[in-house]
Amino acid sequence: MTSRTLPRRSVLSGLAATAVAGTAATTTTSSAAQAVPAPSSRAPRGRKGRPNILLVVVDDLGRGEVGAYGQQVLQTPVLDRLAADGIRFDQAYATPTCAPTRCSLFTGQHTGHATVKTNADAGRGLSRDDVTIPEVLGRAGYRTGLIGKWGLGPERAGQASHPTEQGFDRFFGYINQSHCHDYWPTYLWDDETTVIYSENHTRNAVYAGTLITEQALAFLDDAARRDQPFFLDVSYTTPHAPNVHIDEGPYGDQDWPDGEKAHAAQVTWTDAQVGLLLERLEQRGLADDTVVVFVSDNGPHEAGANYDYVNAAVPHDADFFDSNGGLRGIKRDVYEGGIRVPMIARVPGTPGGRVVTEPIAVWDLLPTFAELGRARTPRGLDGISFAAALQGRAQRAHDHLYWSFDEGRFDEAVRFGRWKAVRLGGRAVELYDLETDEAETTDVAAQHPDLVRRAEQLMAQAVA
Ligand SMILES: [Ca+2]
């Protein structure tokens with residue numbers, strides 16, 4: 001294996017240093033005034049000064065399950081280190097469930113406008129009209145890969161929603177989002193074909209998460225030999241149910257129910273996989289040229305789930321490890337616990353240990369990555385670029401953020417500034433002041449009829 005020698009200095013350092021030096025302060029970061037490296041005097045070679053982007057998406061990891069967000073029991077040393085070296089987003093949002101988050105993430109639209117608004121929509125998947133992150137970056141010369149969970153379409157090669165039809169040069173993993181939770185699958189997809197592993201589900205067969213890491217590392221090895229920037233999305237399916245794992249990790253001696261030990265092992269295993277990816281970036285000389293973003297797709301779950309390769313449902317309680325970190329609700333809620341997720345980024349050449357408190361959402365990733373990659377940003381997005389926050393500059397704020405959840409009942413939420421409005425099943429709008437009541441305990445709608453009217457207008461506009 002040969003690897004190309006890359007310039008040691010980050011391709012981003014000059015940009016970030018200039019940006020921070022040119023801005024007196026930012027209200028959104030805790031250490032923006034720290035010294036940053038001097039701008040590079042050398043023009044970046046090969047990749048034309050555009051960073052690689054490594055996006056790691058995990059499944060149902062709660063904000064409270066990460067040490068950097070206050071978790072005391074579950075071990076997440078890699079993510080804690082990533083936050084120390086980079087940025088912890090304190091108010092990062094996804095949607096209440098898997099498929100809508102992935103659609104919003106890839107297309108820059110909230111669930112009022114996205115093609116896949118519910119998990120049920122995932123069976124239909126993305127359309128040819130959807131413009132995705134890999135399409136946007138691919139047109140700008142990026143090599144693009146998705147390794148792991150897709151969950152945005154039916155299992156047929158060549159049709160509109162297939163990852164390789166939505167801009168990915170390389171795809172390995174699961175198409176169907178129910179299939180994603182078969183951790184010992186009989187088959188996985190490899191570009192447009194399937195690879196068969198066994199005739200039957202068996203806990204002794206290959207663990208899919210290990211294959212996901214192997215294929216992601218292979219993508220990075222390949223990327224290091226190319227004179228081309230890359231966008232790689234590694235989407236792990238843990239720590240989603242079922243609550244089973246290859247081993248109990250560091251928790252074998254704990255006097256916990258089996259489901260909690262397995263869940264804990266999933267969390268720490270997932271953290272370790274991120275460590276393997278970061279280590280490979282270093283080994284291949286890519287780390288100084290690569291922006292890393294880690295995010296979960298929704299709040300924590302407490303599903304037991306009886307899958308056909310697990311003999312019985314293995315319960316897990318979201319309160320056992322305080323997985324939502326004291327917020328209200330879990331996955332499938334439009335309260336903060338369902339949608340506010342752990343999100344950590346590392347940007348070479350910028351100060352570490354920063355905390356960004358400005359609200360941002362997964363639908364901001366498309367315009368953010370487009371700006372970083374100097375690609376053309378599509379018009380009409382709900383997302384806005386948070387490249388400024390990544391680079392330590394003052395971040396433009398969203399006017400508002402919108403969420404919906406449509407599984408049996410229609411729930412909506414909208415956030416504007418400090419205010420968060422929630423409407424469950426068409427009932428009266430609830431209003432919370434997140435500045436003083438982050439846990440959404442006290443409905444103040446009656447005291448603020450004007451804000452309730454504004455929330456109702458924003459909700460109506462969001463689905464118009
Ligand atoms: Ca999920």
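Residues numbered from 1 in each chain as written. Predicted model: local features only at pLDDT ≥ 70, side-chain atom pairs only at ≥ 80, totals over all residues. Heavy atoms only, no water.

- The name given to the protein chain in an unreviewed UniProt entry is Arylsulfatase, with the source organism recorded as Nocardioides marinquilinus.
- In the Sequence similarities (unreviewed entry) part of its UniProt record, the protein chain is described as follows: "Belongs to the sulfatase family." (UniProt positions renumbered as here; feature names shortened; annotations may be inferred.)

What to know about the pattern of salt bridges
Then comes step 1: Summed over the entire model, instances satisfying the criterion amount to 28 salt bridges.
Then comes step 2: Put simply, Arg284 and Asp221 hold a salt bridge, and the shortest N to O gap is 2.7 Å. A residue pair is termed long-range when its members are at least 10 positions apart, and Arg284 in the loop between α6 (258–283) and β8 (290–296) and Asp221 in helix α5 (residues 208–224) qualify at 63 residues. Comparing Arg284 with Asp221, the two get one shared label, buried.
Then comes step 3: Bridged by salt links that share partners, the residues Glu336, Arg340, Lys420, Glu438 and Glu440 form one connected network. (Salt bridge = Lys/Arg side-chain N within 4 Å of Asp/Glu carboxyl O. Helix = DSSP H or I, 4+ residues; strand = E, 2+ residues; numbered from the N terminus. Buried < 20%, exposed > 50% of the residue type's maximum accessible area, 1.4 Å probe, protein only.)

Some words on the nonpolar core
Then comes step 1: Ranked by size, the top nonpolar core spans 63 residues in total, and within it Phe89, Leu365 and Phe369 carry the most contacts.
Then comes step 2: In terms of residue count, the dominant contributor to this core is helix α8 (residues 365–372) (five residues).
Then comes step 3: For this core, the domains that each give at least three residues are domain 1 (2–397) and domain 2 (408–464).
Then comes step 4: For Leu365, the contacting residues outside a window of four places in its chain are Leu55, Leu105, Ile133, Val293, Met343 and Phe386.
Then comes step 5: Ranked by size, the runner-up nonpolar core spans 51 residues in total, among them Leu54, Trp184, Leu232 and Val274. (Core = buried A, V, L, I, M, F, W, Y, C linked by side-chain atoms within 4.5 Å. Domains from an automatic or database assignment. Contact = heavy atoms within 4.5 Å.)

Description of the pairing of strand β14 (residues 419–424)
Then comes step 1: Here β14 lies mainly inside the structure; six of its six residues are buried.
Then comes step 2: Side-chain alternation along β14 places Trp419, Ala421 and Arg423 on one buried face and Lys420, Val422 and Leu424 on a second face that is also buried.
Then comes step 3: If you look at the hairpin formed by strand β13 (residues 410–416) and β14, you'll find two residues sitting between the two strands, and Gly417 has a positive phi there, around 60°.
Then comes step 4: Here four bridges tie β14 to strand β15 (residues 430–433), and the two strands are oriented antiparallel to one another. Directly across from Lys420, in β15, lies its bridge partner Tyr432.
Then comes step 5: Between β14 and β15, which follow one another and run antiparallel, lie five residues, and Gly425 among them has a positive phi close to 55°. (Pairing = 2+ DSSP bridges.)

Things to note about the coordination of the calcium ion
Then comes step 1: Within the protein, the atoms that donate to the calcium ion are Asp59 (OD), Asp60 (OD), Cys98 (SG), Asp297 (OD), Asp297 (OD) and Asn298 (OD1), at distances of 2.2 to 2.6 Å.
Then comes step 2: Metal-centred angles of 52 to 163° between the six donor atoms at the calcium ion mark the site as irregular.
Then comes step 3: Of note, the donors binding the calcium ion are all from one chain and are spaced D-D-x37-C-x198-D-N. Pair noted here: Asp60 is in the loop between β1 (52–58) and α2 (77–85) and Asn298 is in the loop between β8 and α7 (336–339), with a separation of 238 residues, a long-range link.
Then comes step 4: Residue classification places Asn298 among the buried residues on the basis of a relative accessible area of 0%. (Donors = N, O, S within 2.8 Å, 3.2 Å for Na, K, Ca; no water. Tetrahedral: all angles 85-135°; square planar, octahedral: opposite > 155°, others 65-115°.)

Points about the layout of surface pockets
Then comes step 1: In this structure, the largest pocket encloses a volume near 250 Å³.
Then comes step 2: Surrounding the largest pocket, 16 residues form its lining, Gln91, Pro359, Arg415, Gly417 and Arg418 being those nearest its centre.
Then comes step 3: Counting only domains with at least three residues in the lining of the largest pocket, you end up with domain 1 (2–397) and domain 2 (408–464).
Then comes step 4: Its volume calculated, the second largest pocket comes out at about 200 Å³.
Then comes step 5: If you go around the second largest pocket, you meet 16 residues; those closest to its centre are His181, His240, Tyr307, Lys331 and Arg332. (1 Å grid on protein atoms, 1.4 Å probe; cavity = no way out; pocket = protein on both sides within 12 Å on 5 of 7 lines; lining within 4 Å. Points joined across faces, edges and corners; volume = space filled by probe spheres on them.)

Details of empty space enclosed by the protein
Then comes step 1: Summed over all chains, the structure comprises one cavity of 30 Å³ or more.
Then comes step 2: The space that makes up the largest cavity amounts to roughly 40 Å³.
Then comes step 3: The wall of the largest cavity is formed by Thr95, Pro96, Thr97, Pro100, Thr111, Lys117, Thr118, Asn119, Ser404, Phe405, Asp406 and Glu407.
Then comes step 4: Broken down by element, the residue count for the lining of the largest cavity peaks at three residues, all from strand β12 (residues 401–406).
Then comes step 5: Class assignment of the residues belonging to the lining of the largest cavity gives a composition of three nonpolar, six polar and three charged. (Nonpolar A, V, L, I, M, F, W, Y, C, P; charged D, E, K, R; others polar.)

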